[in-house]
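# Descriptive structure summary
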Amino acid sequence: MNNRIKRLFRRGQIKIHYIRSKFDIVIRNKFPHIKISEKHEKKIKWVLRLLTIIGIVSSVIAFSAWYYSLEFAVALLIIEQLFEQIIFTHHIMLVQPLPQCWDGSKWTGMLLTTDGKSLYLGFGFSDKAVGIDFFDTVLAWNDGAFENIDNIQLTLVREDKNNYSVHIYPTVQREFIRVNCADFEKKFDRKINAGKELEILAAQMCFCKVFPITPNCAYNYLLRNHFNIYIQIYDTSQINENDPRTYQNAVPMDERTILFRNIKVCDRKNLSPKTDVLEYYNVPKF
């Protein structure tokens, strides 16, 4: 029951996070300001014009007592000031490499193998096209290199005593993001866009799936051994989950590997909303 309450609470946080993605409240010069997309600029201007018209019309309306007129005027002033404090944001969307034929149902398991020298974390797929597409996408996140240096984040999270989730996604430290952010910042004309702020967003894929915790599962094995690991894709189409004898039928689907110097293995309660944003807010269903 406690885990269920925690998951419901986390999903509530996700909804709040989604609402905040539409607008935000920030403090500037000790005063609160509302940040909202520039696509709503015309609507806000019409609201301000309407408030002005209401203020003019109200000046000829006779209230039963002077303090009613004062209260009405103060209320209009407060509302108008709230709208005057709005900061419009100009959004730029950067799209990280995306898969072409992803099907999560074909991702059937995680495997650990070794050649006696190196440790391999295998992503098992029952469909070769999906598996190859997955690896091609991950490799594109790493700009085609076979050693990951802060371009890809791989995290294993224990969801409860019976399940763990695997998260793999591109980071915002990639050169593609850094170079484009600097370029758009340079091109953003502060004079033409007076009163506006530039916000650069990144659209990206996070591959995520939940697997059962067993004594020899990837989570338990890597909990204290998560350095210098190669990831690889495996063909698991000949594996029957109910028959352990078939596990040896898993074979590499592709000879390519990507070296990870460090991956994160932790409990969900240890995730931070600041440093583990995707894992923290991405609560998988199982």
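In this convention, every chain numbers its residues from 1, walking through the sequence in written order. Per-residue local features of the predicted model are confined to residues with pLDDT of at least 70, and side-chain atom pairs are confined, for both listing and counting, to 80 or more; whole-chain, interface and lining totals are unaffected and use all residues. Remark: hydrogens and water are excluded; side-chain values derive from all non-hydrogen atoms of the structure.

### Considering the overall build of the protein chain
- Working definition: helices are DSSP H or I runs of at least four residues, strands are E runs of at least two. Numbering for both runs from the N terminus. Helix and strand counts for the protein chain stand at seven helices and 14 strands.
- Here the protein chain holds 286 residues, and the buried ones make up 36% of them.
- For this analysis, residues touch if any pair of their heavy atoms sits within 4.5 Å. For the protein chain, contacts bridging at least 24 residues in sequence account for 70% of all contacts bridging at least 6.
- All accessibility values rest on the Shrake-Rupley procedure with a 1.4 Å probe; residue burial counts only the protein chains present in the view. When the accessible surface of the protein chain is summed, it comes to about 18,000 Å², and 57% of that surface belongs to carbon and sulfur atoms. To sort residues, take the accessible area from a 1.4 Å probe on protein chains only and compare it with the maximum for the residue type: under 20% means buried, over 50% means exposed, and anything in between is partly exposed.

### Points about the packing of aromatic side chains
- Think of it this way: a Phe, Tyr or Trp ring, Trp meaning its six-membered ring, pairs with another when their centres are within 6.5 Å, and the plane angle makes it stacked under 30 degrees, edge-to-face over 60, tilted otherwise. This model, assessed by the stated rule, comprises 16 aromatic pairs.
- Ring geometry for Trp107 and Phe211: centres 5.5 Å apart, planes at 65 degrees, overall edge-to-face. A residue pair is termed long-range when its members are at least 10 positions apart, and Trp107 in strand E4 (residues 107-114) and Phe211 in strand E10 (residues 207-212) qualify at 104 residues.
- Exposure remark for Trp107: the relative accessible area of 0% places this residue in the buried category.
- In this structure Phe211 comes out as buried when scored by relative accessible area, which is 6%.
- Members of the aromatic cluster, connected to one another through ring pairs, are Trp102, Trp107, Phe123, Phe125, Phe134, Trp141, Tyr164, Phe207, Phe211 and Tyr219.

### Side note on the confidence of the model for the protein chain
- Here pLDDT means the predictor's own confidence in every residue, given as a number from 0 to 100. In this model, the protein chain carries a mean pLDDT of 81, and residues with pLDDT of at least 70 account for 72%.
- pLDDT under 50 marks residues 16-20. Its contacts with residues more than four places away, or in other chains, come to one contact.

### Topic: the sheet that holds E10
- Here, a strand pair is defined by DSSP locating no fewer than two bridges between the strands. Spatial ordering of the open sheet is given by E10-E8-E7-E14, a layout of four strands whose pairing is mixed. Pairing within the sheet leaves two strands with one partner each, and these edge strands are E10 and strand E14 (264-267). Adjacent strand axes in the sheet meet at a mean angle of 20 degrees, parallel and antiparallel pairs treated alike.
- Direction of pairing for strand E8 (residues 163-170) relative to E10: antiparallel, over a ladder of six bridges. Its bridge partner being in E10, Tyr164 is matched across the sheet by Phe211.
- A fitted line through C-alpha atoms serves as each axis, taken over the contacting stretch for helices, and the angle formed by two N-to-C directions is quoted from 0 to 180°. The sheet contacts of helix H4 (residues 128-141) involve strand E7 (152-158), E8 and E10, and relative to E8 the element is tilted by about 55 degrees.

### Some thoughts on the pattern of salt bridges
- Here, a salt bridge means any Lys or Arg side-chain nitrogen found within 4 Å of an Asp or Glu carboxyl oxygen. Counted according to the given criterion, the structure contains seven salt bridges.
- One salt bridge connects Asp267 with Arg158, and the closest N-O pair in it is separated by 2.5 Å. With Asp267 in strand E14 and Arg158 in strand E7, this residue pair connects regions lying 109 residues apart in the sequence.
- With a relative accessible area of 13%, Asp267 lands in the buried category.
- Classification of Arg158 as partly exposed rests on a relative accessible area of 33%.
- Through salt bridges with shared partners, one network takes in Asp136, Asp254 and Arg256.

### Some thoughts on the layout of surface pockets
- Space inside the second largest pocket adds up to approximately 690 Å³.
- What lines the second largest pocket is a set of 22 residues, among which Gly109, Met110, Leu111, Ile239 and Tyr247 lie closest to the centre.
- Contributing elements (two or more residues each) for the lining of the second largest pocket: E4 and E10.
- If you tally residues by element for the lining of the second largest pocket, the top one is E4, at six residues.
- Here the residues of the lining of the second largest pocket sort into twelve nonpolar, nine polar and one charged. Think of a 1 Å grid over just the protein atoms. A cavity is a set of points where a 1.4 Å probe fits yet cannot get out, a pocket is an open set with protein on both sides within 12 Å along at least five of seven lines, and lining residues have an atom within 4 Å of a point. Grid points are joined across faces, edges and corners, and a volume is the space filled by probe spheres set on the points. Throughout this entry, Asp, Glu, Lys and Arg are counted as charged residues, while Ala, Val, Leu, Ile, Met, Phe, Trp, Tyr, Cys and Pro are counted as nonpolar. The remaining residues, Gly among them, count as polar.

### A closer look at H4
- Expected span of a helix: the number of residues minus one, times 1.5 Å. When the terminal C-alpha atoms of H4 are compared, their 20 Å separation across 14 residues agrees well with the 20 Å that a helix rising 1.5 Å per residue should span.
- For H4, the set of buried residues is Val130, Gly131, Asp133, Phe134, Phe135, Thr137, Val138, Leu139 and Trp141.
- In this fold, the buried residues of H4 make contact with strand E5 (119-125), E7, E8, E10, strand E11 (227-235) and strand E13 (258-262).
- Whenever two N or O atoms come within 3.5 Å, that pair is a polar contact, provided that in protein one can donate a hydrogen and the other can accept it, and provided that, for residues adjacent in sequence, both atoms are side-chain atoms. Two to three positions downstream of the cap, the backbone nitrogen of Ala129 sits 2.9 Å from a side-chain oxygen, assigning the N-cap of H4 to Asp127.
- Just downstream of H4, Asp143 is the residue with a positive phi angle, here 55 degrees.

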